[in-house]
Amino acid sequence: MANIRIIIVDDHLVIREGLKRLLEIDSEMEVIAEAANGMECLDLMEIMPPDVVLIDLKMPGINGLETTRVIRRNYPQVKVIVLTMYDDEELVRKAIHVGAQGYLLKNAKREDLIAAIRHAVQGRSYLDPAITSIVLDQLKQGQQQIPSDEPTLLTRRELEVLQAIVKGLTDREAADRMSISEHTVRSHTKSIFRKLRVRSKSQAAVRALQLKILYE
């Protein structure tokens, strides 16, 4: 398998060096460049576009959200993973909205970081388990409801599929857990996308949080 080419973007040198060492323990990971801010990252990408960009949110100059927006617009094949110290729900929503494929906290375990990168190159989204817990906590407070501007309620089975999406399960894992076929999971997922007016699983997870869709 070809190496996964990564650019690390963070204004702290120690963090960049630490991430590089952690990632390159894995023989499939190759850090091809480091940048201290968004502008440096964009300049580097003109020379050596990577497979994945790991980016902080709060940096001098162009922040991580705006840099992510530009990367996704100009280099749609490049996946972006936010790596930050902020577990703020609004920042999660904004990051997904501008095109981030994943969102991790800086205290994430190495295996979670590697998993997020592998998910990204496979076209799958990844939320830090701590962020997932925040989403799920919101989903479990009270009874299932969708605000009046979303008149079509999700069915109980669709809610189960949505919960699997929030947990980051694959279609196969969700199917096994619910004892249904992958085709049925995909069918429910399409219905969820339509009802929540989203186009991806990561958007569905964030939309669930935004709408406060709650489980019993």
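Parameters and conventions
Residues numbered from 1 in each chain as written. Predicted model: local features only at pLDDT ≥ 70, side-chain atom pairs only at ≥ 80, totals over all residues. Heavy atoms only, no water. Helix = DSSP H or I, 4+ residues; strand = E, 2+ residues; numbered from the N terminus. Buried < 20%, exposed > 50% of the residue type's maximum accessible area, 1.4 Å probe, protein only. Contact = heavy atoms within 4.5 Å. Areas by Shrake-Rupley, 256 points an atom, 1.4 Å probe, with all protein chains shown as cover. Phe/Tyr/Trp six-rings, centres within 6.5 Å; stacked < 30°, edge-to-face > 60°. Lys NZ or Arg CZ within 6 Å of the ring centre and 35° of its normal. Salt bridge = Lys/Arg side-chain N within 4 Å of Asp/Glu carboxyl O. Lys, Arg positive; Asp, Glu negative; His and termini not counted. Polar contact = N/O pair within 3.5 Å; in protein donor to acceptor, adjacent residues only side chain to side chain. Pairing = 2+ DSSP bridges. Axes fitted to C-alpha atoms, helices over the stretch in contact; angles between N-to-C directions.

A. Structural context of the overall build of the chain. Helix and strand content of the chain: 10 helices and 6 strands. Burial status across the chain gives 50% buried among its 216 residues. Within the chain, counting contacts between residues at least 6 apart in sequence, those at least 24 apart form 65% of the total. Per element, the accessible surface of the chain, about 10,800 Å² overall, is 49% carbon and sulfur.

B. Quick peek at the packing of aromatic side chains. Inspection of every chain in the model, using the stated rule, returns 0 aromatic pairs. Here the guanidinium or amino end of K58 rests over the ring plane of Y86, the centre of that ring lying 4.2 Å away.

C. Local environment of the pattern of salt bridges. Enumeration according to the criterion identifies 13 salt bridges in this entry. Note that D171 and K201 form a salt bridge whose closest N and O atoms lie 2.7 Å from each other. With a gap of 30 residues between them, D171 in helix 8 (residues 171–178) and K201 in helix 10 (residues 201–211) connect regions that are remote in the sequence. Judged by its relative accessible area of 18%, D171 falls in the buried class. One salt bridge connects E182 with R186, and the closest N-O pair in it is separated by 3.7 Å. With E182 and R186 both in helix 9 (residues 182–196), this residue pair falls 4 residues apart, about one helical turn. The exposure class assigned to E182 is partly exposed, which follows from its relative accessible area of 26%. Classification of R186 as partly exposed rests on a relative accessible area of 38%.

D. Structural context of the side chain of D128. Position of D128 among the secondary structure elements: in the loop between strand 6 (126–127) and helix 6 (129–139). Among buried Asp, Glu, Lys and Arg side chains, D128 stands out as unpaired, with K109 the closest opposite charge at 9.6 Å. Among the polar contacts listed, one links the side chain of D128 to the backbone nitrogen of L105, at a separation of 2.9 Å. Beyond its immediate stretch of four places on either side in the chain, D128 contacts Y103, L104, L105 and A108.

E. Focus on unusual backbone geometry. A positive phi angle, close to 55°, is found at S179, a residue other than glycine. Along the chain, S179 falls in the loop between helix 8 and helix 9. According to the relative accessible area criterion, S179 is exposed, its value standing at 67%. Positive phi, normally seen in glycine, also occurs at R197, with a value near 60°. Note on placement: R197 falls in the loop between helix 9 and helix 10.

F. Geometry of the sheet that holds strand 2 (residues 29–35). Pairing is parallel in the open sheet, where 6 strands are placed in the order 2-1-3-4-5-6. Single-partner strands in this sheet number two, and they are strand 2 and strand 6. Strand direction decides the pairing type here: strand 1 (residues 4–9) and strand 2, joined by 6 bridges, are parallel. Bridge pairing links R5 to E30 in strand 2. In this fold helix 2 (residues 38–47) packs onto strand 1, strand 2 and strand 3 (52–55), with an angle of close to 125° to the strand it touches most, strand 2. Together, strand 3 and strand 4 (79–84) form the strand contacts of helix 3 (residues 64–74), whose direction differs from that of strand 3 by roughly 170°.

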